[in-house]
Amino acid sequence: MLAFVPFGLIFITKNFNVFKILQPWFDQIFRFSLKQSLIEYINNSYDEKTASFIKLLILNYKDQYAKTVYNQMINLSIVYLIVIGGFHLSILKKVINFCFKKHFKIALIVNLLLIFFYSYLLSFSISACRVLITMICGLFLKKYSNNKYDRISLSGFLSLIIAPSILKNIGFSLSYICTLGVCFIYSLKIKNHLLNQIVINVVSTLISLPFIYQINHSINVFSILNSLIFTYIFALVFLIMLMIFWIKWIWFIHYLITIFVINAVNCFNLISITINLFDFNPLINTIYFSFLITIIIVISNIKSNNKHDKCYIWN
């Protein structure tokens, strides 16, 4: 019965979305827009190309030039690497956890404050809020359940209660479905780190394909390869840029990083092969994800029925 609550709220509230009014509300309280100030600082500190890339990478801000880079990444089926979400915030969480590895509570508080602050800078985007709400749900569910699926499910449900209209948002569906897929891979406990990362990239790419097709009306043949190659590149570039973007006197480093990434994206676009299968139909998503969920259920049952083999066979 609870599953029908968001649908009922959509009918009542129409397109009302709490997330869209949070940042203006904070700006009005403090009479100051930090995001706009950062955008102006970046624009005044760097050339147009570098400034556009930094704003896209750090603030998800898309001007005319950034939209070109964004569309090229859509063509490569790796747009999730440029949209700040779980991938990027998990990098920050790992850095904070490493810095406070002997002080778990301090690390938790810092992570919550940092992700809330970053969510504010991102205008409380769905992908960023998902991470924040999931962390908060984890705190409340800690005494009752350590199951990650419970946290993610409750987070998704609360997001729909707060802002029912996001149910129609592709980013919401993609964010939560990819997260569930990644959690499933981690549950397999693959010992080999490299193999684990490859499997995560493959699963994330396969899950995102219907959404990429819905956005771009085509699928890149090398989607999985592109994801494997660019994941580590963007993880490193994101972390470096976040730490040094405000130091404008080392502008040449920002410029070199920008040129490297943009040229890499351009080169892969030149050799990319895209295919158009058919006109998009929402039924395709239903069939596709039903198939994936069936596979997950089958593997989970095999895992639970074979206690002697705890999925360490992929070693």
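What you are looking at is a predicted structure, and each value in this text was computed from that prediction instead of being measured.

Reading guide: rules and limits
Residues numbered from 1 in each chain as written. Predicted model: local features only at pLDDT ≥ 70, side-chain atom pairs only at ≥ 80, totals over all residues. Heavy atoms only, no water. Axes fitted to C-alpha atoms, helices over the stretch in contact; angles between N-to-C directions. Helix = DSSP H or I, 4+ residues; strand = E, 2+ residues; numbered from the N terminus. Parallel < 35°, antiparallel > 145°, perpendicular 65-115°, else oblique. Left-handed = near helix turned anticlockwise from the far one by under 90°. Contact = heavy atoms within 4.5 Å. Nonpolar A, V, L, I, M, F, W, Y, C, P; charged D, E, K, R; others polar. Expected span 1.5 Å × (residues − 1). Bend = angle between axes of the 7 residues up to and from the residue. Buried < 20%, exposed > 50% of the residue type's maximum accessible area, 1.4 Å probe, protein only. Patch = residues over 30% accessible without salt bridge, like charges linked within 9 Å, V, L, I, M, F, W, Y side chains within 5 Å. Areas by Shrake-Rupley, 256 points an atom, 1.4 Å probe, with all protein chains shown as cover. Salt bridge = Lys/Arg side-chain N within 4 Å of Asp/Glu carboxyl O.

Visitor: Any chance you could explain the packing of helix H12 (residues 223-244) against helix H13 (residues 251-270) here in plain terms?
Guide: How two helices pack is summed up by the angle between their axes together with the distance between the axes. Here H12 crosses H13 at 160 degrees, and the two axes come no closer than 11 Å. The pairing of H12 with H13 is recorded here as roughly antiparallel in orientation. The two elements H12 and H13 cross, and the hand of that crossing is left-handed. Facing Asn226, Ile229, Phe230, Ile233, Phe234, Val237, Ile240, Met241 and Ile244 of H12, the residues of H13 in contact are Ile253, His254, Ile257, Thr258, Phe260, Val261, Ala264, Val265 and Phe268. Counted by class, the contact of H12 with H13 contains 15 nonpolar, three polar and no charged residues.

Visitor: Explain H12 here, please?
Guide: Because an α-helix completes one turn every 3.6 residues, residues spaced three or four positions apart along the sequence face the same direction. The end-to-end C-alpha distance of H12 is 30 Å, a good match for the 32 Å that 22 residues give at a rise of 1.5 Å each. At Phe230, H12 shows its maximal bend, which comes to roughly 35 degrees. Residues Ser223, Asn226, Ser227, Phe230, Thr231, Phe234, Ala235, Val237, Phe238, Met241 and Ile244 constitute the buried set of H12.

Visitor: How should a nonpolar patch on the surface be read in this particular structure?
Guide: A cluster of nonpolar side chains, namely Val221, Phe222, Leu225, Ile229, Ile273 and Ile275, defines an oily patch on the protein surface of about 470 Å² accessible area. In this structure, Ile229 sits in helix H12. Taking relative accessible area as the criterion, Ile229 reaches 32% and is therefore assigned partly exposed.

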